[in-house]
Amino acid sequence: MVIIVETKSRIPLAKPKLGVAGKTGLWRLEKPIIDNNKCVRCYLCEIYCPANVVRVERDSGAIIDYDYCKGCGICANVCPVGAIRMIKEGD
Ligand code: SF4
Ligand code: SF4
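Our subject in this report is the structure included herewith. (Residues numbered from 1 in each chain as written. Chains lettered and ligands numbered in written order. Predicted model: local features only at pLDDT ≥ 70, side-chain atom pairs only at ≥ 80, totals over all residues. Heavy atoms only, no water.)

### Quick word on the site of ligand 1
Contacts to ligand 1 come from 13 residues, most closely from Cys-49, Cys-69, Cys-72, Gly-73 and Cys-75. For the shell around ligand 1, the class distribution of residues is 10 nonpolar, two polar and one charged. (Near = heavy atom within 4 Å. Nonpolar A, V, L, I, M, F, W, Y, C, P; charged D, E, K, R; others polar.)

### Some details on the site of ligand 2
Around ligand 2 lies a shell formed by Cys-39, Val-40, Arg-41, Cys-42, Tyr-43, Cys-45, Val-56, Cys-79, Pro-80, Val-81 and Ile-84. Each residue belonging to the shell around ligand 2 can be placed in one class, and the counts come to 10 nonpolar, no polar and one charged.

### Overview of the pattern of salt bridges
For the structure shown, the criterion picks out three salt bridges. Among the salt bridges present, the one from Arg-28 reaches Glu-89, with a minimum N-O distance of 2.7 Å. Linking Arg-28 in the segment before β1 (30–34) with Glu-89 in the segment after β4 (84–88), this pair joins segments that are 61 residues apart in sequence. Using a relative accessible area of 9% as the deciding quantity, one classes Arg-28 as buried. Judged by relative accessible area, which is 33%, Glu-89 ranks as partly exposed. For Arg-55, the salt bridge is made with Glu-57, and the minimal N-O distance between the two is 2.9 Å. Judged by its relative accessible area of 14%, Arg-55 is buried. (Salt bridge = Lys/Arg side-chain N within 4 Å of Asp/Glu carboxyl O. Helix = DSSP H or I, 4+ residues; strand = E, 2+ residues; numbered from the N terminus. Buried < 20%, exposed > 50% of the residue type's maximum accessible area, 1.4 Å probe, protein only.)

Given below as structure tokens:
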């Protein structure tokens, strides 16, 4: 099943697109998992994600475009409430 996530940015960074390297999410060794019940909608994960693939919505919480998330873990490190944890890709 393919899930298309609309992640228009509030910040002035280009959104990743399919290029010669393919979908950069394929490089990922670890994957961020968000518990939106814990999320306080602070937007830090969206602001700090270097790939610009996180979108935080007031109603639904944080959503990640896994096609282009590289698994760097910055979002998990900046989250003030521990709502994001990293797991091994494929777990
Ligand atoms: S792991 Fe890195 S690339 Fe993926 S959403 Fe978090 S900050 Fe962005
Ligand atoms: S950093 Fe954590 S609390 Fe803040 S919006 Fe992202 S998931 Fe929610």
